[in-house]
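Structural overview
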Amino acid sequence: MTEGDDTAPKDREKLIRAKEQWARDGRLLTGRPGDPARDRLPPGQRLVTDWPVLDLGVTPRPDPEKWRLRVDGLVERALILDWQEFLGLPQTHLTTDIHCVTGWSRFDNAWEGVTARAILEAVRPKADARHCIFYSRDGYTTNVRLDRFAGEDVLLAHRWNGEALTAEHGGPVRVVMPRWYFWKSAKWLRRIEISAVDRPGYWEERGYHNDGDPWTEERYS
Ligand SMILES: Nc1nc2c(c(=O)[nH]1)N[C@H]1C(S)=C(S)[C@@H](COP(=O)(O)O)O[C@H]1N2
Ligand SMILES: [Mo]
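Summarised in this report is the structure supplied together with it. (Residues numbered from 1 in each chain as written. Chains lettered and ligands numbered in written order. Predicted model: local features only at pLDDT ≥ 70, side-chain atom pairs only at ≥ 80, totals over all residues. Heavy atoms only, no water.)

Description of empty space enclosed by the protein
Condition: The definitions used throughout rest on a 1 Å grid laid over the protein atoms alone, on which a cavity is an enclosed set of points accommodating a 1.4 Å probe that cannot get out and a pocket is an open set flanked by protein within 12 Å on both sides along at least five of seven lines; lining residues are those having an atom within 4 Å of a point. Grid points are joined across faces, edges and corners, and a volume is the space filled by probe spheres set on the points. Under the scheme applied here, ten amino acids are nonpolar (Ala, Val, Leu, Ile, Met, Phe, Trp, Tyr, Cys and Pro), four are charged (Asp, Glu, Lys and Arg), and all others, including Gly, are polar.
Enumeration over the complete set of coordinates arrives at 1 cavity of 30 Å³ or more. The space that makes up the largest cavity amounts to roughly 30 Å³. Surrounding the largest cavity, Asp97, Ile98, His99, Trp111, Val176, Met177, Pro178, Trp180 and Phe182 form its lining. The class makeup of the residues in the lining of the largest cavity is 7 nonpolar, 1 polar and 1 charged.

A closer look at helix H4 (residues 116-123)
What counts is decided by this rule: When a residue's accessible area, from a 1.4 Å probe over protein chains only, is under 20% of the maximum for its type it is buried; when over 50% it is exposed; and in between it is partly exposed. Strands here are runs of E lasting at least two residues and helices are runs of H or I lasting at least four, both read from the DSSP assignment and numbered beginning at the N terminus. An arc is given here, and it is the one of the directions from the helix axis to the C-beta atoms. The criterion used for residue contact is that any of the two residues' heavy atoms lie within 4.5 Å.
Of all the positions in H4, only Ala116, Ile119, Leu120 and Val123 are classed as buried. Buried positions in H4, seen along its axis, are confined to an arc of 95° and lie on one side of it. Check the buried side of H4 and you find it contacts strand S2 (68-73), strand S3 (79-82), strand S5 (104-115), helix H5 (146-149), strand S8 (155-160) and strand S11 (189-195). Two residues or fewer past H4, arginine 124 is found with a positive phi of approximately 55°.

Brief notes about the sheet that holds S11
Heads up, the condition is: Any two strands with at least two DSSP bridges between them are considered paired. Axis angles are defined between N-to-C directions and span 0 to 180 degrees, where every axis is a line fitted to C-alpha atoms and, for a helix, only to the segment in contact.
Reading across the sheet, the 5 strands line up as S3-S2-S11-S6-S7 and stay open at both edges, with mixed pairing between neighbours. Of all strands in the sheet, those bounded by a partner on one side alone are S3 and strand S7 (141-145). Strand-to-strand twist of the sheet, defined as the mean angle between neighbouring strand axes without regard to direction, takes the value 15°. Bridging between S2 and S11 involves 4 bridges; their strand directions are parallel. In the sheet register, valine 71 faces S11, and the bridge partner there is isoleucine 192.

As for the layout of surface pockets
The computed volume of the largest pocket comes to approximately 360 Å³. In this structure, the largest pocket is lined by 21 residues; those nearest its centre are Leu54, Asp55, Tyr140, Trp183 and Trp203. Tallied by class, the residues present in the lining of the largest pocket amount to 14 nonpolar, 3 polar and 4 charged.

Regarding the environment of isoleucine 98
Positionally, isoleucine 98 belongs in strand S4 (residues 92-99). Taking relative accessible area as the criterion, isoleucine 98 reaches 2% and is therefore assigned buried. Considered as a pair, isoleucine 98 and serine 185 are 87 residues apart in the sequence and their alpha carbons are 9.7 Å apart. In this view, isoleucine 98 contacts Trp51, Trp104, Ser105, Arg106, Asn109, Trp111 and Phe182; residues no more than four positions away in its chain are not counted.

Below is the structure:
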């Protein structure tokens, strides 16, 4: 300790520890090449550990007895599943990240549900089919390309982190398309329409990008 330095050695030690911790935290926030947290966080996103709720101001709570999922449109065999039939389909566990266009991302969400691929195998889209439109119980709609809906990580999820998906987060069943901004992941799913033509949904008609790739920041059109 030099003359004129009025910080006690113990305090200085504490300060250095604190700064080292800030440096570690800061590195996780802003990222550096090769940092696994940075590599998982798309540009312009910040990591959260809570799970924000975003909706249009209503929270549908359908009676499980009356719940149905319809898959129709340009398919060989349209489907209407009730709750027991939906649960009777093969169940898949997937852990994926959420990226919301409003800027938050949430890592490691453990989903359980039916893969989009299982649904598509059951309905068999016709040769001209190119698009999917999701219809929700709150009036919300959103559109995705059929080949993207057929991605191996796409799920119709009814459980999250070991518990039934809550009504706030779109239970009993929501779409989860982790590769795209979260507005594509329709909550309170009631119908999937397979179509030859694209049909922009609620946010797509209000200025959001038609595709919504978080890695190239396709936020707005
Ligand atoms: N049916 C329906 N699905 C929806 C929405 C909605 O308002 N209604 N909001 C979208 C948006 S903008 C986001 S970011 C996510 C939010 O899902 P969360 O509330 O579970 O975080 O749901 C998407 N799916
Ligand atoms: Mo969103």
